[in-house]
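Remarks on the overall topology
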Amino acid sequence: MSFAAAPRRPSGGAPRARRRSPLGVAIVAVAAVIAALLLLAQFWTEVMWFGQLGFSRVIWTEWGMRAALFAAGFVIMAGAVFWSFTAAYRSRPIYAPSTPEQATLDQYREAVEPLRRVVMIAAPVLVGFFAGVAASAQWRTVLLAFNSEPFGQVDPEFQMDLGFFVFLLPALRFTVGFLISVVVIAGIAGLVTHYLYGGLRVGPAAAGGPRTTTAARVHLAVIGAVGLLLIAANYWLDRYSLLTNTGDRFDGASYSDVHAVIPAKGILTVVAIFVAALFIVTAFRGDWRLPAIGVGLMVVSAIAIGGIYPAVVQRFQVNPNAQELESEYIQRNIDATLSAFDIGDVEKEQYDATTEAEEGALRSDAETAASIRLLDPQIVSPSFRQLQQNKQYYNFDDSLSVDRYEIDGESRDTVIAVRELNLDGLGQDQRNWVNDHTVYTHGYGVVAAFGEQPGPDGRPAFFEGGIPSQGAISDIEEGYEPRIYFSPSTDTYSIVGAPEGTEAWELDYQADDQENGGQVNTTFTGDAGPDIGSFGSKLLYALKFGEEQLLFSDRVTSESQILYDRDPQQRVSKVAPWLTLDNKVYPAVVDGRVKWIVDAYTTTDAYPYSASTPLDEAVADTLTTQAGAPIELPEEVNYIRNSVKATVDAYDGSVDLYAWDAEDPILKAWTNVFPTSIKPMDEISGDLMSHLRYPEDLFKVQRTLLSQYHVTDSAEFFSGQDFWNNPTDPTSDAATAPLQPPYYLTLQMPGQEESAFSLTSTFIPGGNTDREVLTGFLAADADAGNTAGEVAEDYGKLRLLELPRDTTVPGPGQVQNNFDSNPTISEQLNILQIGASTVRRGNQLTLPVGGGLLYVQPVYIQSTGGTQFPLLRKVLVAFGDDIGFADTLDEALDQVFGGDSGIEAGDAGTAEDQAPIAPPDGEAEPGTEPTTEPSTEPSGEATTEPGAGGGGATPELDAALQEAADAMEDANAAQREGDWAAYGDAQDRLQQALEDAIAAEEAQSGSAG
């Protein structure tokens, strides 16, 4: 292809318009279409996603406010800078004085002049763009300011409603700060232009001659006056912001802040206004000495009044008398913190805990002891996988959830998990677009086991499981829907749905009957994702995901829907971006559907005098460390409310937000913004209410604050001698152990009429000490009840047991040390680790029973090779310095309490007697097992029967281990009595038992191989 030169224009003729190249026009048009499609693929698909969920108002409100703020920020910044440029240029002197300075500037003017127009437009546009982006990020702040609600409480210093500090003050600070930046940049633009074009001279001037032209003087003086008025406003707002200051000893305005800094800010406000007036005078009179003197006065005032004077007051007046002078302000901090974090109504009780274990001491705590959870949800996930995963394309989360279900009329603590979709379990030859996105589209069913009762051979005692789902839950829940299309680990999109009469292709599970062709398929029939039947929708989503198959696949039909953003937390955060979410999402079977429950919080860092708390540090513990990076959290908060309970349907992905704390002013403000997003509590069904619980992250924040703010007297708080710490996790193997997490369990606190599902934690002494005795025990009533639309009266009540200062009740670390250093226990655990096995210590639970503190820790044994999953083999118990170690909790309790604890624990009896509740009779699909022992040989994987390498022990190994344990007990008894002959016989028996155990272990490994 060649291009001919354009014909030369005839001399004297009219100029001809240059012809545009058709190819160039086509390229530009195609590029514009592609850019528009790519933008639509990102933005319009979001509109479709929100529309399908019924939250269109959220995205349009957010985008609308962002756009408005961007436009306002852009126009204000760009307009001010452009005006400053053009005003300075148009008012430039026609004839600049001939001076060496101007001769030098002439060279710069000549260099700049060809680019002047570009610079005077591009520079304002560029800074305006960045200003618009910064302004649009404040959409939440502005919306709250326009929809603010009163708190009904006033601050102790200015007597203003707290809503001013939470809603209006942040918006005012942003506005003033933004305008100051506009004035500064516009002033720099004008200053440079005036200097470059001769309106402002810096070098020597003729005697008596002005250094600025009249236009330049007025221009710069006006900008200076506006800037100083904004600085004055900033000083005035500083007075209010002092009430949220972060101090070394306490947060909020201190004595020196109130008596020195606040008056100083008022004086500096007046000084700034006075200097602004001097700039206005200069604009008319032309004398720059007055504003120069004024600026110098303001700088000196800022240093002397704003800096030196408060420092002098602090050092020479406050520090020598700090306890007396700061007392009032510490009390303000205490009162505000208790209110802001909802810990003002903690029910405190002095608990004179005994350390002496007496026979029958637990008789009055029978209900609590019978509910002690032995199944550790952080350890047993591999057992769930081996026994209930069923197929390689399903999986369970590493951290399971604790809930409670009513079985045979009795509320039982339950460890529950969802069988989620796991495409990584497929072989590479099975991975293709059709399988990944149209066949393997969902997980299947929940699996639940009793928390306090192990099953045979130390396995979980499942009462719900199998495929198809069978058990107590699916039997109770009418119309139970087991398919899991939305779950935390599902991170790919799926195409679901098909025209009526089409053969199903979404895989449910494999079956052995030939009638079904070896597998059972399904077709999604709900409303879970945007429709993708039209060509336009296919095109947009093909561009969004970079998948051309969406355009050409026959499985993308007129009835197809596309499912994406399937993580429940992600869905809630998108439809409610103004909420802070709890790190933990947990499943529950509610009214026949699997629901993911997400606790959500309204937070702020602008509550006057309240203690500022970094959320990521407050919620960090062993569980968050194991789970990896937590979800995004605000850096600092000094107010938090669990104002919303959110649910996500695992089948259709629908999101429901329920107002849990309808009196929260921040929730009220957001409800004004999004009136259709929040449902009233009245719409919570009784079934859902029975599974709602007190949230973990809120409890962690509250226990962090209560380590100090259980002290409510300002003098004692100042001394800090009774501050506590949360203990580190004694079971952690990390070099720097994280904090021990709180635990859900059913217990009856002292003074409580009956047991309740609770969330618990402990306290140890604060300060720089390694002495780990127990100082306090905290429990939150986590049971919301089971009445539709009505929360149980005691839900959320915090009960704090404070131990006497002169007692030495062992703390979690001391108890773990006692467990690990006990010679009998260590020897037996070493025996259990013979061969290819390892010991895993479960969560260490603390319970206030028997007049003291009882510690319970399950001990699991897991194979180190082949098929690995933990089995519950032993239980450790401690009360004071007495320790029990037995095959069951019931036996261990009897060991500690003089041979008779006075109760029967949930695992009372032999392991063989502890079979889980059988599911209701029914015809299972071929190839599946009842949920009492579901899939003990799952999907062709390694078997898990004892002796098959699955971590179980043969009868010979069990007998040898028991003989070794008996021999050690006899040896210890003989040693205490000085019967060395019996001691020698016991040692011989121990040696023989060890040899028998090794032989049995080797035989077991050989048969497994």
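Residues numbered from 1 in each chain as written. Predicted model: local features only at pLDDT ≥ 70, side-chain atom pairs only at ≥ 80, totals over all residues. Heavy atoms only, no water.

**Examining the pattern of salt bridges**
Where side chains of opposite charge bring their charged atoms close, a pairing between them can arise. Stated precisely, the cut-off is as follows: One side-chain nitrogen of Lys or Arg within 4 Å of one carboxyl oxygen of Asp or Glu is enough to make a salt bridge. The secondary structure listing takes helices from DSSP runs of H or I that are at least 4 residues long and strands from runs of E that are at least 2 residues long, numbered from the N terminus. To sort residues, take the accessible area from a 1.4 Å probe on protein chains only and compare it with the maximum for the residue type: under 20% means buried, over 50% means exposed, and anything in between is partly exposed.
What the rule picks out here adds up to 34 salt bridges. Arg 332 is the salt-bridge partner of Glu 157, the closest N and O atoms lying 3.0 Å from each other. Taken together, the residues span a long stretch of sequence, with Glu 157 in the loop between helix H5 (139-146) and helix H6 (162-196) and Arg 332 in helix H11 (residues 327-340) at a distance of 175 residues. In this structure, the salt-bridge partner of Lys 595 is Asp 649, at a minimum N-O distance of 3.2 Å. Of this pair, Lys 595 sits in strand E16 (residues 593-604) while Asp 649 sits in strand E17 (residues 639-649), and the two are 54 residues apart along the sequence. Residue Lys 595 shares its accessibility class with Asp 649, and that shared class is buried. Taken together, the shared-partner salt bridges in this structure form one network comprising Glu 347, Asp 794, Lys 797 and Arg 799.

**Examining empty space enclosed by the protein**
Heads up, the rule is: Lining residues are those with an atom within 4 Å of a point, where the points come from a 1 Å grid over the protein atoms alone and group into cavities, where a 1.4 Å probe fits but cannot get out, or pockets, open sets with protein on both sides within 12 Å along at least five of seven lines. Grid points are joined across faces, edges and corners, and a volume is the space filled by probe spheres set on the points. Under the convention adopted here, Pro, Cys and the residues Ala, Val, Leu, Ile, Met, Phe, Trp and Tyr are nonpolar, Asp, Glu, Lys and Arg are charged, and Gly plus all remaining residues are polar.
Counted under the stated rule, the structure contains four cavities of 30 Å³ or more. Lining the largest cavity are 15 residues, with Pro 377, Gln 378, Val 402, Leu 623 and Tyr 744 sitting closest to its centre. Of all elements in the fold, only strand E3 (401-407) and strand E21 (743-747) reach the threshold of two or more residues within the lining of the largest cavity. Looking at side-chain class alone, the lining of the largest cavity contains seven nonpolar, three polar and five charged residues. By volume, the second largest cavity is sized at about 70 Å³. In terms of lining, the second largest cavity is formed by Gln 740, Pro 741, Pro 742, Tyr 743, Thr 760, Ser 761, Thr 762, Phe 777, Gln 844, Leu 845 and Thr 846. Elements supplying a minimum of two residues to the lining of the second largest cavity: strand E22 (756-765) and strand E26 (845-847). With three residues, the single largest contributor to the lining of the second largest cavity is E22. Looking at the lining of the second largest cavity residue by residue, the class counts come to five nonpolar, six polar and no charged.

**A short note on unusual backbone geometry**
Put simply, Ile 467 and Pro 468 share a cis peptide bond, and its omega is -5 degrees. Along the chain, the position of Pro 468 falls in the loop between strand E8 (460-465) and strand E9 (470-471). Phi at Gln 159 takes a positive value of approximately 55 degrees, unusual for a residue other than glycine. Within the secondary structure, Gln 159 is located in the loop between H5 and H6. Under the relative-accessibility criterion, Gln 159 is labelled exposed at 52%. At Asp 342, a residue that is not glycine, the phi angle is positive and equals roughly 55 degrees. Within the secondary structure layout, Asp 342 lies in the loop between H11 and strand E1 (347-350).

**Quick word on a negative patch on the surface**
Formally: Patch building starts from residues that exceed 30% relative accessible area and form no salt bridge, then joins like charges within 9 Å and nonpolar side chains (Val, Leu, Ile, Met, Phe, Trp, Tyr) within 5 Å. For the area figures, the Shrake-Rupley method with a 1.4 Å probe applies, and any residue is considered shielded solely by the protein chains shown. His is not counted, nor are the chain ends, whereas Lys and Arg count as positive and Asp and Glu as negative. Every charge is mapped onto a representative atom, which is NZ of Lys, CZ of Arg, CG of Asp or CD of Glu.
A cluster of like negative charges, contributed by Glu 367, Asp 408, Glu 410, Glu 753 and Glu 754, occupies part of the molecular surface. Mapped onto the fold, Asp 408 is located in the loop between E3 and strand E4 (410-418).

**Overview of helix H23 (residues 696-709)**
The criterion, for reference: To estimate how far a helix should reach, multiply one less than its number of residues by 1.5 Å.
The terminal C-alpha atoms of H23, which comprises 14 residues, lie 19 Å apart, in line with the 20 Å expected from a rise of 1.5 Å per residue. Buried residues dominate H23, accounting for twelve of its 14 residues.

**A few points about the sheet that holds E4**
Counted only if it meets this: Any two strands are treated as partners once DSSP identifies two or more bridges connecting them.
Taken in spatial order, the five strands line up as E3-E4-E7-E8-E9 in an open sheet, and their pairing is antiparallel. Looking at the sheet topology across the chains shown, the edges are occupied by E3 and E9.

**Considerations on the sheet that holds E17**
Put simply, the rule reads: Pairs of residues are marked as contacts when any of their non-hydrogen atoms sit within 4.5 Å. To define axes, lines are fitted to C-alpha atoms, for helices over the stretch in contact only, and angles between the resulting N-to-C directions are given on a 0 to 180 degree scale.
Overall, mixed pairing links the five strands, which are arranged E15-E16-E17-E18-E19 in an open sheet. Of all strands in the sheet, those with a lone pairing partner are strand E15 (580-590) and strand E19 (678-679), marking the two edges. In the sheet, E16 pairs with E17 via nine bridges, with the strands oriented antiparallel. By the bridge assignment, Thr 602 is partnered in E17 with Arg 641. The strands touched by H23 are E15, E16 and E17; relative to E15, the strand with the most contacts, the crossing angle is about 135 degrees.

**Quick look at the environment of Trp 724**
Tracing the backbone through its elements, the reader meets Trp 724 in strand E20 (residues 724-725). In this structure, the C-alpha to C-alpha distance between Trp 724 and Val 711, residues 13 residues apart in sequence, is 10.0 Å. Sequence-distant contacts of Trp 724, that is, excluding residues within four places in its chain, are made with Leu 706, Ser 707, His 710, Phe 763, Ile 764, Pro 765, Gly 766, Thr 775, Gly 776, Leu 800 and Glu 802.

**Section: the packing of aromatic side chains**
Here is the rule: When the centres of two rings from Phe, Tyr and Trp lie within 6.5 Å, Trp using its six-membered ring, the rings pair. Their planes under 30 degrees apart give stacked, over 60 give edge-to-face, and anything left gives tilted. Throughout this description, the term charge over a ring refers to an Arg CZ or Lys NZ atom that lies within 6 Å of the ring centre and within 35 degrees of the ring normal.
Scanning the model with the defined rule gives 41 aromatic pairs in all. With a centroid separation of 6.4 Å and an interplanar angle of 65 degrees, the aromatic rings of Trp 139 and Trp 670 are classed as edge-to-face. Here Trp 670 lies in helix H21 (residues 665-673) and Trp 139 lies in helix H5, a separation of 531 residues in the sequence. With respect to class, Trp 139 is no different from Trp 670; both count as buried. For Arg 239, the ring lying beneath its charged end belongs to Tyr 240, and the centroid distance is 5.4 Å. Across from the ring centre of Tyr 586, 3.7 Å away, lies the NZ or CZ of Arg 693, which sits over that ring.

**Points about the packing of helix H2 (residues 56-90) against H6**
Quick note on the threshold: If an angle is under 35 degrees, it is roughly parallel; if it is over 145, roughly antiparallel; if it lies from 65 to 115, roughly perpendicular; otherwise it is oblique. Two helices crossing with the near one rotated counterclockwise from the far one by less than a right angle form a left-handed crossing, whereas a clockwise rotation gives a right-handed crossing.
Orientation of H2 relative to H6, taken along the N-to-C sense of each, is 20 degrees, at an axis distance of 8 Å. In terms of their interaxial angle, H2 and H6 are classed as roughly parallel. Both H2 and H6 take part in a crossing whose hand is right-handed. Packed against H2, whose contacting residues are Gly 73, Ile 76, Met 77, Ala 80, Val 81, Ser 84, Phe 85, Ala 88 and Tyr 89, the element H6 presents Phe 178, Leu 179, Ser 181, Val 182, Ile 185, Ala 186, Ala 189, Gly 190, Thr 193 and His 194 at the interface.

**What about the pairing of strand E27 (residues 854-863)?**
Here is the key point about a regular strand: its side chains alternate between the two faces of the sheet. Across the ten residues of E27, ten count as buried, placing the element largely inside the fold. Because side chains alternate across E27, one face comprises the buried residues Leu 854, Val 856, Pro 858, Tyr 860 and Gln 862, and the other comprises Tyr 855, Gln 857, Val 859, Ile 861 and Ser 863, equally buried. Here E26 pairs with E27 via three bridges, running antiparallel. Bridging across to E27, Leu 847 finds its partner in Leu 854. Pairing of E27 with strand E28 (residues 871-879), which is carried by eight bridges, proceeds in the antiparallel orientation. Across the sheet, residue Leu 854 finds its bridge partner in E28, namely Phe 879.

**A short note on the pairing of E8**
The buried fraction of E8 is high, at six of six residues. Here three bridges tie strand E7 (residues 446-454) to E8, and the two strands are oriented antiparallel to one another. Paired with Ala 448 across the strands is Glu 464, a residue of E8. Note that E8 and E9 share two bridges and pair antiparallel. Each bridged residue has a counterpart across the sheet, and for Gly 465 the counterpart in E9 is Gln 470.

**Concerning the nonpolar core**
We apply this condition: For our purposes a nonpolar core is just a set of buried Ala, Val, Leu, Ile, Met, Phe, Trp, Tyr and Cys residues, chained together by side-chain atoms within 4.5 Å.
Core analysis: the biggest nonpolar cluster contains 141 residues, and Ile 343, Leu 550, Val 575, Leu 657, Trp 670, Leu 692 and Tyr 694 have the highest contact counts within it. By residue number, the principal contributor to this core is H6, which donates seven residues. Look past the residues within four positions of Trp 670 in its chain and what remains in contact with it is Trp 139, Arg 140, Leu 143, Leu 144 and Trp 578. With 69 residues, the next largest nonpolar core counts Phe 396, Ala 779, Ile 825 and Leu 889 among its residues.

**Describing the packing of H5 against H21**
Two numbers describe how H5 lies on H21: the axes approach to 9 Å, and their chain directions differ by 95 degrees. By the angle between their axes, H5 is roughly perpendicular relative to H21. When H5 is examined against H21, the residues Trp 139, Arg 140, Leu 143 and Leu 144 are found in contact with a partner set consisting of Ala 669, Trp 670 and Val 673. For the contact of H5 with H21, the per-class residue count stands at six nonpolar, no polar and one charged.

**Examining a nonpolar patch on the surface**
Taken together, the side chains of Val 295, Val 299, Ile 303, Ile 308, Val 312 and Phe 316 make up a nonpolar region of the molecular surface, amounting to roughly 530 Å² of accessible area. The partly exposed category is assigned to Val 295, whose relative accessible area is 31%.

**Regarding the side chain of Asp 365**
Going by this rule: A 3.5 Å cut-off defines polar contacts: any pair of N or O atoms within that distance qualifies, except that in protein one atom must be a possible hydrogen donor and the other a possible acceptor, and neighbouring residues in sequence count only when both atoms are side-chain atoms.
Among the structural elements, Asp 365 can be located in the loop between E1 and helix H12 (366-370). Buried charged residue Asp 365 carries no salt bridge. Nearest counter-charge: Arg 363, at 10 Å. Within the local environment of Asp 365, its side chain forms a polar contact with the backbone nitrogen of Gly 850, the two atoms lying 2.9 Å apart. Filtering out sequence-adjacent residues up to four positions away, Asp 365 remains in contact with Val 849, Gly 850 and Ile 903.

**Overview of H11**
Between its first and last C-alpha atoms H11 spans 20 Å; for 14 residues at 1.5 Å apiece the expected length is 20 Å, and the two agree. Listing the buried residues of H11 in full gives Tyr 329, Ile 330, Arg 332, Asn 333, Ile 334, Ala 336, Thr 337, Leu 338 and Ala 340. The positive-phi residue at the C-terminal boundary of H11 is Asp 342, with phi of around 55 degrees.

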